[in-house]
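# Coordinate inspection notes
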Amino acid sequence: MSPAGPTPSTVTSLRVRSGRTVELLLTLFALVVVGLAYVNVELAVREEVPPDLWWHLGTLTALALGLHVVLRWRARYADPLLLPIATLLNGLGLVMIHRIDLGSSSSSVATRQLLWTGVAVAAAAATLVVVRDHRVLRRWTFLAMAVGFLLLLLPMLPVVGHEEFGARLWIRIGGLSFQPGELAKIALTVFFAGYLVSTRDALSLVGRRLLGMQFPRARDLGPILVAWGLSVLILVLQRDLGSSLLFFGLFVAMLYVATERTSWIVIGLTLFMAGAVMAWRIFAHVQARVTLWLDPFAAGQSDQVAKGLMGLGHGGIFGTGLGQGYPYLTYFANSDYIFASFGEELGMVGVFAMLMLYALLVERGLRTAIGAREGFGKLLAAGLSFTVALQVFVIVGGITRVLPLTGLTTPFLSAGGSSLLANWVIVALLLRISDHARRPVAERAPDPSVNLPGVPGVTSR
Amino acid sequence: MNTPIRRLAFLVLAMFTALLLATTWIQFVAADGLRDRPGNRRTLIDTYSRERGAILVDGTAVARSERTDDDLRWVRRYDQATRYSHVTGYWSFTYGAGLGLEKARNAVLAGTDDSLFYQRVVDLVTGQQPSGASLELTIDPDVQAAAAEALGDRRGAAVAVDPRTGAILALVSRPSFDPNALSSHNLTAVDEAYQQLTQDPAQPLVNRAIAGDLYPPGSTFKLVVAAAALESGDYRADSELDGPVRYTLPGTSTELPNFGGEACDPQGRPTLARSVQISCNTAFAWLAGQLGADAVREQAQEFGFGQQIEVPMQVTPSSYPDQLDDAQLALTGVGQYDVRVTPLQVAMVSAAIANDGALMTPYLVETVRDRDLEVIHETRPRTMSRSVSASTAAALTEMMVSVVQGGSGTLAQIPGVSVAGKTGTAEFGSSGAAHAWFTGFAPADDPQIAVAVIVESATDNWTGETGGQVAAPVARAMLEAGVAP
């Protein structure tokens, strides 16, 4: 599609920018913002410049720049916005967790979170190094399914499984607790992408038309029923509304992207509604959530939602300023409710900025999906981006009463290692796909080190 | 697959738009409503997070804010807590500003008062934490201490004012309480302490000196009746009154006796001066009838009865009844029936007499200073009313001196100082139980301090002691402390 120029030289003069310099500058900018936020918090709370500023900020800088170097080395054309956004969100999360530590009489969640940031960024770098081409993942479609289901069901095991706040989501080995559902999210996205790429024709073309919609055959309904059953199982056994909603929403969205059939959405939503109404009728904890959603100040109910709202209201438009509010008065101030903590201290303005960061992250992910050159990459990128969007929507929507509150982590911000790990790996996979999508034709020569046997249509390129 | 991905992007856009709208609603539209919700701890903490002004007596803080490490940032401390509890009141996270100056001058102490507007603007610009103004009181710590110690564990109240200015020199109510127990940050302990205080039958939270259930003034009211008599022009100090051993109340067969059933005068014709000196009941019952209810009521009002007074705490107005038959009128002459007073009001009667008849408005706050010690407000003495003429005041003073020299109030004598006083034994209920009163001032020729003391009857049928025996020593201690050497 090159424009017909007088000489071929016009074509060669179009150099594709790798974006690595932009990425470096934006990442440094993100680190400066995080550093200023950290100093701001310490000045407000302890009235001194943090003595460990350089050590802490240095660690974060080393991690971000390390990943940047890995990208220069292994994914030169990767999207330049993903790393700065993830760094900024992760860094601000660290600052807020530290701020809440200061408010709640000397705990050290922030130190642990910084440690986990190291682990997560290392995992992201490892992902980029090990997964040289995202298409290899397609080979592991059913392995991913097995791993995903296993991870999901791990908390149900007797010894390692662990229940907290009425939800059975954790495993605990030694002193370390982990939420395997976060990683299951990635495994299942890989599985959905692989599975749907192979079966999309059967799902989209075969079937009966009814009321102007293409309805699938009964046997093709199988997978969606399985996914539905799985999310209901999570809901029932683990009492986790959030994850259940997340998995099912993710599956329906990917099904829709794969088949381009609105009927799937209708079927999906119908099934979801049915499941939701059932859950509401059967489970007391679901009913409590709905009651609190409709009236957060209802007497005799938990005041969790109410406290979050009061925090947000206290912040108002411009917020109290970092370190000058009372975010620790809210339950789970550094995990589920960290968004309310930001809302209190940074105000509506700050919260808008953070939502914009998420929107931008998701937008870059979806753009990667559009740019990806084959179905698997498209589905995987779309699926991964959409989980981030959906997760933000479900948790922030729960805090702001757009929908009933369900406990979920806020990507990159919430305290918690599993969530951080999962989200950095998601970013790594998006970077990997975007590198493939943005790489200019001239450089798209097959990498001899990447051998993709058994993946149809890949080796032939 | 690009079309559905684009549609998915629109769905994401819609989701984020919903979040932006919801956030706007909560943080912009509903924010004020959320802040004002009852039990919003953040709003509460905010009012506690700025330094509250101190309350100072003679340069020493009796209430001050101390920095803490917890949420509330400042804790209120009361040194000499029980001595000043009814002056300071309390400042509690759970129960707010209660009683005393903490409540009455809350806005100034908290720094939200309009008079501090200029300072708040400066704070806003310089980024300083806003803080409240401090109050310097008129209290004389020696008089306050003397009153508190002399009252001891007995229920009652003691007030002292400077008759020349109206400055309150002492304000004590017993039983007392510890405001520290309410200002503590241990909220469960605060809750317990508050329950205990409110349920205590002795009602320690009530400021009996200015805001308790009003007391019958007993014989101290005879000063008002005597003043009315002198002011009427029909009587002088040596005018003879009708003072039999027993006085039959007009229109009834009820007989009013003198204290102890004694005669006021061998002939039953004591002079006005003599009647005051020995506190002759029958003469004053008769005199009230002669003067009429209106004359007595008007004189009472000249002394401050029925007036709304803020010192700045609200003082319950003392009252003289409206509708009286002759028997009731006679009873008011000895401070019984429905005459009701606060100890401060009784002190004001003495103060007016001491100050040549000019009644000064009582006040407790000398100056208000902002954080930089700049004086924001200074109370100037104001004349409240011209209660009696100077000659009436002089005549009354002479009579009150005789009370202490050789009448019912000899226990108030101070060597080398001439003390003017009046005792009272105020019956209440029907069992003969009585409160002990004493009011007076010193030195009689150059008054510096006027006092009123009431010691409540411990039981309903306790009649053993009179004002002269129980209350006069307390007054004496205060007067002694208040008279400049």
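Everything that follows concerns the structure shown earlier in this document.
Remember, it's a predicted structure, so these values are computed and weren't measured experimentally. (Residues numbered from 1 in each chain as written. Chains lettered and ligands numbered in written order. Predicted model: local features only at pLDDT ≥ 70, side-chain atom pairs only at ≥ 80, totals over all residues. Heavy atoms only, no water.)

The next point concerns the overall build of chain B. Counting its secondary structure elements, chain B contains 18 helices and 19 strands. Each of the 485 residues in chain B was classed as buried or not, and the buried ones make up 55%. Taking contacts inside chain B between residues at least 6 apart in sequence as the whole, the part at least 24 apart equals 69%. Of the roughly 20,000 Å² that chain B leaves accessible, carbon and sulfur atoms contribute 48%. (Helix = DSSP H or I, 4+ residues; strand = E, 2+ residues; numbered from the N terminus. Buried < 20%, exposed > 50% of the residue type's maximum accessible area, 1.4 Å probe, protein only. Contact = heavy atoms within 4.5 Å. Areas by Shrake-Rupley, 256 points an atom, 1.4 Å probe, with all protein chains shown as cover.)

Further remarks concern empty space enclosed by the protein. Residue and element names in this part refer to chain B. Applying the stated criterion to the full structure yields five cavities of 30 Å³ or more. Taken as a whole, the largest cavity spans an internal volume of roughly 60 Å³. What lines the largest cavity is simply Thr 47, Tyr 48, Arg 50, Arg 52, Ser 65, Trp 74, Val 75, Arg 76, Trp 91 and Ala 110. Secondary-structure elements contributing two or more residues to the lining of the largest cavity are helix 3 (41–48) and strand 3 (74–77). Counting residues per element, the lining of the largest cavity draws most heavily on strand 3, at three residues. Grouping the amino acids of the lining of the largest cavity by side-chain chemistry returns five nonpolar, two polar and three charged. Size it by volume and the second largest cavity reaches roughly 50 Å³. Of all the secondary structure elements, the ones that give two or more residues to the lining of the second largest cavity are helix 11 (222–232) and helix 16 (343–354). For the lining of the second largest cavity, the element with the most residues is helix 16, which contributes three residues. Among the residues forming the lining of the second largest cavity, the class breakdown is eight nonpolar, three polar and no charged. (1 Å grid on protein atoms, 1.4 Å probe; cavity = no way out; pocket = protein on both sides within 12 Å on 5 of 7 lines; lining within 4 Å. Points joined across faces, edges and corners; volume = space filled by probe spheres on them. Nonpolar A, V, L, I, M, F, W, Y, C, P; charged D, E, K, R; others polar.)

On to the interface of chain A and chain B. Contact with chain A, which involves 50 residues of that partner, is made by 33 residues of chain B. Taken together, the two surfaces of chain A and chain B that pack against each other cover about 3,800 Å², and 73% of this comes from carbon and sulfur. When residues of chain A are sorted by the area they lose upon contact with chain B, Met310(A), Tyr326(A) and Ile370(A) head the list and together hold 17% of the total. For the pair chain A and chain B, the interface holds one salt bridge. The shortest N-O distance in the salt bridge between Arg42(B) and Glu344(A) comes to 2.9 Å. Between chain A and chain B we count 12 residue pairs in polar contact (both at pLDDT 80 or more) in total. Among the elements of the structure, helix 9 (241–259), helix 12 (304–315), helix 13 (338–371) and helix 14 (375–399) of chain A are those that each provide at least two residues to the side of chain A that touches chain B. Per-element tally for the side of chain A that touches chain B: the top contributor is helix 13 of chain A, with 14 residues. Classifying every residue of the side of chain A that touches chain B gives 33 nonpolar, 12 polar and five charged. (Buried area = accessible area lost by both parts, 1.4 Å probe. Salt bridge = Lys/Arg side-chain N within 4 Å of Asp/Glu carboxyl O. Polar contact = N/O pair within 3.5 Å; in protein donor to acceptor, adjacent residues only side chain to side chain.)

Close approach of charged atoms lets side chains of opposite charge pair. All names here are of chain B. Within this structure, the stated rule accounts for 28 salt bridges over all chains. A salt bridge links Arg 52 to Glu 102; the shortest N-O distance between them is 2.8 Å. Remark: Glu 102 occurs in helix 5 (residues 100–104) and Arg 52 occurs in the loop between helix 3 and strand 1 (55–57); sequence separation between them is 50 residues. Each of the two residues, Arg 52 as well as Glu 102, counts as buried. Two residues, Arg 77 and Glu 66, come together in a salt bridge whose shortest N-O distance is 2.9 Å. Here Glu 66 lies in strand 2 (residues 60–67) and Arg 77 lies in strand 3, a separation of 11 residues in the sequence. A residue is classified by how much of its surface remains accessible, and Arg 77, at 33% relative accessible area, is partly exposed. Beyond isolated ion pairs, a larger network of salt bridges with shared partners links Arg 64, Glu 66, Arg 77 and Asp 79.

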